[in-house]
Each structure stands twice: as C-alpha cells, then as structure tokens.
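Geometric and topological summary
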Amino acid sequence: MTAHPLFDIGGRTALVTGSSRGIGHALARGLAEAGCTVVLNGRDGERLTEAAAELKAAEPPGDVHTAVFDVTDSASVAAGIADVEERVGPLDILVNNAGMQLRAPLLEFTDSDWHRILDTNLTSAFLVGREAARRMTERGHGKIVNICSLQSEVVRPGIAPYAATKGALKMLTKGMCADWGPYGVQVNGIGPGYIETELTGPLVRDEEFSAWVRRRTPAGRWGRTEDLVGGVLFLASPAADFVSGQVLYVDGGMTSVL
C-alpha cells in the first residue's frame, strides 16, 4: 500500500531551527525520511555538522545541509535565510523549533533570564517566521509550523515565564495565519506534552516526577520525540492546505483531563 498523495512532501525544502539535538533533530530526521531536503540550524557549527552527518548516514541517506545563525538576532536571521535560499533553494517548509527552559520561582526570576527566554522561545519565531514569510508570500505558498507546548494552555509552579512565551507563541501562530493566509501560507503549531529528551533527562530520572507524568497522562507514559513527527509531516503536507492557525497538542491526552 502506498501513502495518499496528499501527504507527499518529497522534493520540498525544509528549515528546522534548533535542530542539532532533541525534538528539532527528530523532526528534521522525519522530514528527511519523507523526502525533503532539510536544513539544520543552530549556533554551534560543530554540533550541527555532527547532526547532519548522522542524518546523511541514515538509510536511505538524507539530503541534509546546515545553516549556522542566531535565531534571536534580526541581522543574523536575515543573512541566514538569504544564504539558505541561495545555497540550498527556496524554502517550502519552516519549523520554528528553537527554544529553552529556565525553571525558578517567579519571585526569584531575574530580568536577564526573562529576556533570554523571551528572545529564544518567542522572538526567534517572529524573526525567522517573518524572514521566511517574506519569500513564501511572494511565491504564493509555504508551510510554517511553530513548536508550541502543553504549557501554551496550562502551567505548573516554577515555569511561569516559559508558559508565558509558549502561550504567546500560540497567539503569534494565529496572528501569522491571519496575516499570511491570504498569500497561500499556512501557519500552525505543534504542542508537545512531556517528551523524553536529553534536556528533560533529569525530570525523567526523578521517580516522583515521572510517576506524576504517567498518572497525569492518559497514555500512561512520557512522550518520545518520534511521537511528534507525524503531526509535523501532516501540517507540512498538502493534506493541511485548509488547516491554519491551529495548535495540535501531542501530549498523550494530558490537556483533556483533570
């Protein structure tokens, strides 16, 4: 049995920010396996080269490139996107994945950490999305997927600034849809639940916290990075041409239950 042609994204070019490891790397791998030319982005060129080599060594090997630029700096983003389009080709798909987490009681959260998490989780999506959309809207087509979060909807103590950025990213997704939809660009979000990654490793190893996650999640487990791939492939495909401004929560059902 072959896949329905509505889900075919072979031959398209995709940029995934923050994709040297974790969720971004898994999404880049999924896009490459679906036949996309994939551009990995990050600030650490050596780590990006290693991540690209891993995907190129897969079977079948991916058509993978790298782009080193700072997604929180406007000039760097403009130069980076221009370089990608000149060197690799016009972008059809953008996945705004770059993000970070800083945990601290809100009364103890510093000004510098507030601006750092805001720039990384929210401003980066605006800057990269705007620069990619300049070109997508001129061409009359494009797919942008912003990686939101379970915390775009709910929050627990110690992560209020993170939740603020992810809630704002949900609304930025809707705003991008409103502005760019008339030009043939669909903008949606994926909202991961608790996903096991290198960065969440300490939480996974915390027996009390992990037990809470399993109890709180109808699926009864932590999510895996590969659980997120299907949603991104759908939103990047022609199957989602009339889907825009939505956030698909891939959280094992956690947002649906008390």
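**As for the pattern of salt bridges**
Counting across every chain of the model gives 11 salt bridges. Taking the shortest distance from any N to any O, the salt bridge between Asp227 and Arg221 comes out at 3.0 Å. For Asp227, a relative accessible area of 28% puts it in the partly exposed group. Relative accessible area serves as the criterion here: at 31%, Arg221 is assigned to the partly exposed category.

**Structural notes on the packing of helix α4 (residues 111-139) against helix α5 (residues 160-180)**
Across the interface, α4 lies against α5 with an axial gap of 9 Å and an inter-helix angle of 15 degrees. As summarised for this structure, α4 and α5 are arranged roughly parallel, according to the angle between their axes. At the point where α4 passes α5, the crossing takes the right-handed sense. Where α4 abuts α5, its residues Trp114, Ile117, Leu118, Asn121, Leu122, Ala125, Phe126, Gly129, Arg130, Ala133 and Thr137 lie against Pro161, Tyr162, Ala164, Thr165, Lys166, Ala168, Leu169, Leu172, Met176 and Trp180. For the contact of α4 with α5, a count of residues per class yields 15 nonpolar, 4 polar and 2 charged.

**Some points on the sheet that holds strand β3 (residues 63-68)**
Whenever strands of a sheet pair, they do so through backbone hydrogen bonds, lying parallel or antiparallel. Spatially, 7 strands are ordered β3-β2-β1-β4-β5-β6-β9 in an open sheet, and the strand pairing comes out parallel. Taken across any chain shown, the strands that pair with only one partner, and hence form the sheet edges, are β3 and β9 (247-250). Mean inter-strand twist for the sheet, computed between neighbouring axes without regard to direction, equals 20 degrees. Each of β2 (37-42) and β3 is contacted by helix α2 (residues 45-56), which is oriented at about 170 degrees to β3, the strand it contacts most.

**Points about the pairing of strand β4 (residues 93-96)**
Residues Ile93 and Val95 line one face of β4 and the alternating positions Leu94 and Asn96 line the opposite face, and both faces are buried. Strand direction decides the pairing type here: strand β1 (residues 13-16) and β4, joined by 3 bridges, are parallel. Note that in β4 the partner of Leu15 across the bridge is Leu94. With 4 bridges joining them, β4 and strand β5 (residues 142-147) adopt parallel strand pairing.

**Here's the deal with α5**
Here α5 contains 21 residues, and its C-alpha end-to-end distance of 30 Å stays within 8% of the 30 Å for a straight helix at 1.5 Å per residue. Taken together, the buried positions of α5 are occupied by Pro161, Tyr162, Ala163, Thr165, Lys166, Gly167, Leu169, Lys170, Thr173, Met176, Cys177 and Trp180. Of the surrounding secondary structure, the elements contacted by the buried residues of α5 are α4, β5, β6 (185-192) and β9.

**Section: the packing of aromatic side chains**
Under the definition given, this model contains 6 aromatic pairs. Residues Phe7 and Phe234 carry aromatic rings whose centres are separated by 6.5 Å and whose planes lie at 40 degrees to one another, so their mutual orientation is tilted. Here the residue Phe7 occupies a position in the segment before β1, and Phe234 occupies one in helix α8 (residues 229-235), the gap between them amounting to 227 residues. Exposure remark for Phe234: the relative accessible area of 28% places this residue in the partly exposed category. A centroid spacing of 5.8 Å and a plane angle of 80 degrees characterise the contact between Tyr194 and Trp222, whose relative ring orientation is edge-to-face. With Tyr194 in the loop between β6 and β7 (195-196) and Trp222 in the loop between α7 (207-216) and β8 (223-224), this residue pair connects regions lying 28 residues apart in the sequence. Of the two residues, Tyr194 and Trp222, neither departs from the other in class, the shared state being buried.

Conventions adopted
- Residues numbered from 1 in each chain as written.
- Predicted model: local features only at pLDDT ≥ 70, side-chain atom pairs only at ≥ 80, totals over all residues.
- Heavy atoms only, no water.
- Salt bridge = Lys/Arg side-chain N within 4 Å of Asp/Glu carboxyl O.
- Buried < 20%, exposed > 50% of the residue type's maximum accessible area, 1.4 Å probe, protein only.
- Axes fitted to C-alpha atoms, helices over the stretch in contact; angles between N-to-C directions.
- Helix = DSSP H or I, 4+ residues; strand = E, 2+ residues; numbered from the N terminus.
- Parallel < 35°, antiparallel > 145°, perpendicular 65-115°, else oblique.
- Left-handed = near helix turned anticlockwise from the far one by under 90°.
- Contact = heavy atoms within 4.5 Å.
- Nonpolar A, V, L, I, M, F, W, Y, C, P; charged D, E, K, R; others polar.
- Pairing = 2+ DSSP bridges.
- Expected span 1.5 Å × (residues − 1).
- Phe/Tyr/Trp six-rings, centres within 6.5 Å; stacked < 30°, edge-to-face > 60°.

By themselves, these observations are geometric and do not establish any function.
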